[in-house]
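Here is what each chain is made of, one letter per residue.
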Amino acid sequence: MSTGDFEGLGVFYLGRRYDADAKRVTAEPILYDSRDLVTHAVCAGMTGSGKTGLCLALIEEALLDGVPVIAIDPKGDIANLLLTFPGLSAAEFRPWIEEDEARRAGADPEAFAAQEAARWKQGLAEWGQDGARIDRLRAAAELAVYTPGSRAGLPVSIVSSLAAPPPAMREGEALDERASATATSLLALAGADATPRGREHTLLATILGGAWRDGRALDLPALIQQVQSPPFQKLGVLDVETFFPAAQRFELAMKLNAVIASPGFASWLEGEPLDPAILLHTSAGRPRAAIFSIAHLGDSERMFFVSLLLNQVVTWMRTQPGTTSLRAIVYMDEILGYFPPVENPPSKGPLLTLLKQGRAFGLGVLLATQNPVDLDYKGLGNTGTWFLGRLQTERDKARVLDGLEGASGGPFDRAWADAALSTLPKRVFLLHDVHEQAPVLFQTRWTLSYLRGPLTRTQIAQLMAGRASEPKPAAPPPATAASTSASPAPVLPPGIDQYFVPGPTSPRYEAVALGAARVSFFDAKLGVDEAREIVAAAPIDDGPLVVDWTQAEALDLAPADLGRTAAPGATFGDMPRAATVAKNYASWRRTFTAWIAESQALALLRHAPSGMTSRPGESERDFRVRVETGRREARDQALDEMRHRFEKERARLDERLRKAQERVDREQSQASHQKLQTAVSMGATLLGALLGRRRITTGTLGRATTAARGVGRSMREQEDVQRAAEGVDAVRGRIADLEAAIAEETKKIAAEFESRPEDVTTVAIAPKKSQITVQFVALGWRPR
């Protein structure tokens, strides 16, 4: 926390310090270092404490700083982030006015909208904000409301949550934890026994874990089939039939099938995949606040979706490189039931993983609740930031103090915290940050978003109108086989190899020239050293140019994926005459090499200011996100270095100011003493004259002379005071110059690390013929 301009880099403007003794808000802003959030935060407060406003203000600040957010919204309040009106006009507020509230206020909706617009404009102004800052928020990030299981907002598909995790996560505890949590979620959704280590749970977790270890994705129909016919013979030391008889497995399959057969289940399979990499950034790399509104779901559906989402976040997190900067935020508005102290619902495991490991990957978790007694405070032991507002009961307060004391990591003044929490007014919070020296009280700032309360599905649909994805049509039925008569596999002369491209069952093959090569791309300047395997298929014609590799199609498979035998039930098309001549393949091999050298350049993205180059296969969005993360890390490092550079000078000036002020105090004290002495001397002289001494004696003249000298000394002491004061002003001027220099350096750093779309360009690296190793050019059979 620091004070100053609240638009500083890497800091979140949360509000202003609150003076509990004077019961007033001071002018000192509370600026929260964004990097402190990588050790996570908890916000607790009863209904009406201002908890939601504080959390939304923090999210607004994160989005202004380019930090994306995944927000889980059980009540419908977080969607208020989309209610931003830069014009602050009554017309903008009118569609979102609650008419019952207007009637209670004794006004018609139009008049009430004008009152709300004026109130919001005034509230923002009191906190140093205006419509321009709202415009900045709207430009900084995209906001989207997703409604799983509903088409009110943007639909989201859960299919990706059953996909195989990345290769690095297909072994060990990480995969077992994910399989276990997914099994528990599915069983709870189906209304089956979800007890860990129960038969149902063990069967589903084993099926999921086995498929994922092999890199295979599963969907629910495939999962149901494997429940009926498991792809293994034993579970533990018992065979499957003994452990879980077929008749009882059928009952479980029926429960899972009922989930698929439910009328609204199709909407769970539509829309964007449940992939944090896609949810956190747009295709152009722009940060996004992905808000998942789940108020419309039942309890089991909520638990199912939240668990899947959190597991997806864990998987994504573990694929990211480490960072000390804040990369993204996961926020849940009401954690009640998802992180209890005793039970272990499916959501608890991934939440604990995020709290324990998120710091290393720059992922901050923000949890909010109005029921502090229902939280697992042992799980929150490493949480670095606590926002505590007005609490409902003494039991809530005692529970929060216990948790706060356990997470303090050092001396904790429980009595002070207890007294502070007992008298908190609305919108005032106690902020305990382990990265700071002491807790503070502050009042939350006015949010840029209009807090009109929970939004209904109809209102969410209104907000997302024009952006909601259209339901995807069902896949067309497979094309019927050609009516031409089938040919048997041709007999090939010696010296001709053949390979079969994998495809559907009982395929009809057509002959192609099949080439496979390993291509290396190297550029020391760009730091590129990449090798890739290419498999391409070119048609074989009977014309002058039998095989034209410029008409070839690169196949999305590796040479090892090609078969040496035909698929069962396959039929074959006509065999081109040229393909039966063995010497032709050597010629095709030479032209294949030339085609690769000319056409298979490696296109990469280059960010000139940072010198970063995209990785092969990395999308533009992912590259821009990586560049932005690197720029933010470099920016934070530059800020730290700049501040460290000025620290000694500031400390030296502060010491000079202290000494100069001490001199002023000393000179003022001396001047005051001399003034008093002079006054006493003058008084004695005058008194002697007034008591009847008609003649001026030598003593009287001496006292008068002494008094006159005192007047002179008093004037000199005042001059010394003036000079000392001028010294203080000079030092303060130097401090002001230093602060101006710091502000100027900060602006330069902000400008230096500002990302521009035009900074990213495309570079192409073409392979040399010496870098091409042709593995084979052979006859290929490809399914039509």
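One structure accompanies this document, and this report is about it. (Residues numbered from 1 in each chain as written. Predicted model: local features only at pLDDT ≥ 70, side-chain atom pairs only at ≥ 80, totals over all residues. Heavy atoms only, no water.)

**Digging into the side chain of Ser 614**
Note the threshold: Here a strand is any run of E in DSSP of at least two residues, a helix any run of H or I of at least four, and the numbering for each starts at the N terminus. Under this definition, polar contacts are N or O atom pairs within 3.5 Å; protein pairs additionally need one hydrogen-donor-capable and one acceptor-capable atom, and for neighbouring residues in sequence, both atoms have to be side-chain atoms. Note on contacts: a residue pair is in contact if any heavy atoms of the two residues lie within 4.5 Å.
Among the secondary structure elements, Ser 614 is positioned in the loop between strand S22 (612-613) and helix H18 (620-690). For Ser 614, the side chain forms a polar contact with the main-chain nitrogen of Leu 605, separated by 2.8 Å. Discounting residues that sit within four places of it in the chain, Ser 614 has contacts with Leu 604, Leu 605, Phe 623 and Arg 626.

**A short note on the environment of Gln 226**
Using the following cut-off: Burial classification: accessible surface area is computed with a 1.4 Å probe over protein chains only, and a residue below 20% of its type maximum counts as buried, one above 50% as exposed, and the rest as partly exposed.
Its place among the elements puts Gln 226 in helix H8 (residues 220-228). Residue Gln 226 is classed as buried on the basis of its relative accessible area of 14%. In sequence terms Gln 226 and Leu 203 are 23 residues apart; their C-alpha atoms lie 9.6 Å from each other.

**Some points on empty space enclosed by the protein**
Heads up, the rule is: Only protein atoms enter the 1 Å grid, on which a cavity is a set of points fitting a 1.4 Å probe that cannot get out and a pocket is an open set with protein on both sides within 12 Å along at least 5 of 7 lines, lining residues being those with an atom within 4 Å of a point. Grid points are joined across faces, edges and corners, and a volume is the space filled by probe spheres set on the points. Residue polarity follows a fixed list, in which Ala, Val, Leu, Ile, Met, Phe, Trp, Tyr, Cys and Pro are nonpolar, Asp, Glu, Lys and Arg are charged, and the others, Gly among them, are polar.
Applying the stated criterion across every chain yields a total of two cavities of 30 Å³ or more. Counted as a void, the largest cavity has a volume near 50 Å³. The wall of the largest cavity is formed by Leu 9, Gly 10, Val 11, Asp 33, Ser 34, Arg 35, Asp 636, Leu 639 and Arg 643. Ranked by residues supplied to the lining of the largest cavity, first place goes to H18 with three residues. Residues of the lining of the largest cavity, tallied by class, amount to three nonpolar, two polar and four charged. Considered as a void within the structure, the second largest cavity measures approximately 40 Å³ in volume. Around the second largest cavity sit Leu 186, Leu 189, Leu 220, Leu 256 and Val 259, which together line it. Of all elements in the fold, only helix H6 (172-190) and helix H10 (246-261) reach the threshold of two or more residues within the lining of the second largest cavity.

**Quick look at unusual backbone geometry**
Trans peptide bonds make up most of the peptide bonds, and negative phi angles are found at most residues other than glycine. Of note, Lys 23 is a non-glycine position whose phi angle comes to about 55°, a positive value. Although it is not a glycine, Leu 88 adopts a positive phi angle of roughly 50°. Mapped onto the fold, Leu 88 is located in the loop between strand S4 (69-73) and helix H2 (90-93).

**As for the packing of H8 against H10**
Convention followed: Fitted lines through C-alpha atoms serve as axes, helices being fitted only where they are in contact, and the angles separating the N-to-C directions of these axes extend from 0 to 180 degrees. Throughout this description, any angle smaller than 35 degrees is read as roughly parallel, any larger than 145 degrees as roughly antiparallel, any in the 65 to 115 degree range as roughly perpendicular, and the remainder as oblique.
Following both chains from N to C, one finds H8 and H10 inclined at 170°, their axes separated by 9 Å at the closest point. Judged on the interaxial angle alone, H10 and H8 are roughly antiparallel. In this structure, H8 contributes Leu 220, Pro 221, Ile 224, Val 227 and Gln 228 to the contact, and H10 contributes Arg 249, Phe 250, Leu 252, Ala 253, Leu 256, Asn 257 and Ile 260. Looking at the contact of H8 with H10 residue by residue, the class counts come to nine nonpolar, two polar and one charged.

**A short note on the environment of Lys 255**
Of note, Lys 255 is situated in helix H10. Those residues within four positions of Lys 255 in sequence are excluded, and the remaining contacts are Ala 190, Gly 191 and Ala 192.

**Remarks on the packing of helix H7 (residues 199-213) against H10**
Between H7 and H10, the least distance of the axes is 12 Å, while the angle of their chain directions is 75°. By the angle between their axes, H7 is roughly perpendicular relative to H10. For the pair H7 and H10, contact is made by Arg 199, Glu 200, Leu 203 and Leu 204 and by Gln 248, Arg 249, Leu 252 and Leu 256, respectively. When grouped by side-chain class, the residues that make up the contact of H7 with H10 number four nonpolar, one polar and three charged.

**A short note on helix H5 (residues 131-140)**
Put simply, the rule reads: This arc corresponds to the set of directions leading from the helix axis out to the C-beta atoms.
Of the residues making up H5, those classed as buried are Gly 131, Arg 133, Ile 134 and Leu 137. With its buried residues spanning 155° around the axis, H5 presents them on a single face. Structurally, H5 contributes buried residues whose contacts are with strand S1 (11-19), helix H1 (51-64) and helix H4 (109-126). Its side-chain oxygen at 3.1 Å from the backbone nitrogen of Ala 132, Asp 130 defines the N-terminal cap of H5.

**Describing the sheet that holds S4**
Selection rule: Two strands pair if DSSP finds at least two bridges between them.
On the basis of which strands lie adjacent, the open sheet formed by eleven strands has the order S2-S1-S15-S14-S13-S3-S12-S11-S4-S10-S5 and mixed pairing. Only two strands of the sheet have a single partner each, and these edge strands are strand S2 (24-33) and strand S5 (142-146). With strand direction ignored, the average angle separating the axes of adjacent strands in the sheet is 25°. For strand S14 (residues 428-433) and strand S15 (residues 440-444), the ladder comprises four bridges, and the chain directions are antiparallel. Of the residues in S15, the one forming a bridge with Val 428 is Gln 443.

**Points about the pattern of salt bridges**
Our working rule: The rule for a salt bridge is simple: a side-chain nitrogen of Lys or Arg has to be within 4 Å of a carboxyl oxygen of Asp or Glu.
Using the criterion set out here, one finds 39 salt bridges in the structure. Among the ionic pairs, Asp 622 bridges to Arg 621, the shortest N-O distance being 3.2 Å. Given the relative accessible area of 30%, Asp 622 is considered partly exposed. Connected through salt bridges with shared partners, the residues Glu 7, Glu 60, Glu 61, Arg 133, Arg 136 and Arg 445 form a single ionic network.

**Concerning the nonpolar core**
Note the threshold: Buried residues of nine kinds, namely Ala, Val, Leu, Ile, Met, Phe, Trp, Tyr and Cys, make up a nonpolar core once their side-chain atoms join them within 4.5 Å.
With 157 residues, the main nonpolar core has Leu 252, Phe 292, Leu 309, Ile 329, Tyr 331, Leu 380 and Phe 387 as its most contacted residues. Counting residues per element, this core draws most heavily on helix H12 (residues 299-317), which supplies eleven residues. Counting residues in hydrophobic clusters, the runner-up holds 34 residues, among them Tyr 509, Ala 536, Phe 572 and Val 777.

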